[in-house]
Amino acid sequence: MEAPQYVAARVQRALAEDERTHELGIRVDVRGEQLFLRGQVTGDERRVLIADVAGEAAPGLTVRNEITVMEVRGPGEEEKL
């Protein structure tokens with residue numbers, strides 16, 4: 001059995017290097033047979049892609065996708081000084 005920190009590092013590397021994600025801001029934790037993904041992204045499609053890549057990098061582990069989707073808004077009113 002591979003040490004949890006090595007599995008987490010492999011998944012983080014996959015998230016950074018995979019052309020579908022190129023993601024550096026997701027925290028990866030491995031506990032037992034579960035892989036937890038935490039962080040924020042700008043859309044649900046991206047959230048799903050990250051979980052897919054993580055699952056491919058750590059087959060046999062259950063992926064717990066706790067990534068939240070943050071709302072992106074356009075610029076507000078101009079600030080007057």
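In case you missed it, the structure is sitting above this.
Residues numbered from 1 in each chain as written. Predicted model: local features only at pLDDT ≥ 70, side-chain atom pairs only at ≥ 80, totals over all residues. Heavy atoms only, no water.

S.K.: How would you explain the overall build of the protein if you had to name every residue and give the values?
M.R.: Across its full length, the protein carries two helices and three strands. Computed over the C-alpha atoms, the radius of gyration of the protein is 15 Å, more than 25% above the 12 Å expected from 2.2 N^0.38 for a compact globule of 81 residues. Overall, the protein is about 60 × 25 × 20 Å in size when its C-alpha atoms are taken along their principal axes. A buried classification covers 31% of the 81 residues belonging to the protein. Carbon and sulfur atoms form 48% of the exposed surface of the protein, whose accessible area is close to 5800 Å². (Helix = DSSP H or I, 4+ residues; strand = E, 2+ residues; numbered from the N terminus. Rg over C-alpha atoms; globule rule 2.2 N^0.38 Å. Buried < 20%, exposed > 50% of the residue type's maximum accessible area, 1.4 Å probe, protein only. Areas by Shrake-Rupley, 256 points an atom, 1.4 Å probe, with all protein chains shown as cover.)

S.K.: Provide a residue-level description of helix α1 (residues 4-17), including the pertinent values.
M.R.: Between its first and last C-alpha, α1 extends 20 Å over 14 residues, near the 20 Å set by a 1.5 Å rise per residue. When we look at burial in α1, the residues that qualify are Val 7, Ala 8, Val 11 and Leu 15. For α1, the arc enclosing every buried residue in end-on projection is 100 degrees, short of the 170-degree limit, so these residues lie on one face. When the buried face of α1 is taken as reference, the exposed residues oriented beyond 90 degrees from it are Gln 5, Tyr 6, Arg 13 and Glu 17. In this fold, the buried residues of α1 make contact with β1 (27-31), β2 (34-41) and α2 (44-57). (Expected span 1.5 Å × (residues − 1). Arc of directions from axis to C-beta. Contact = heavy atoms within 4.5 Å.)

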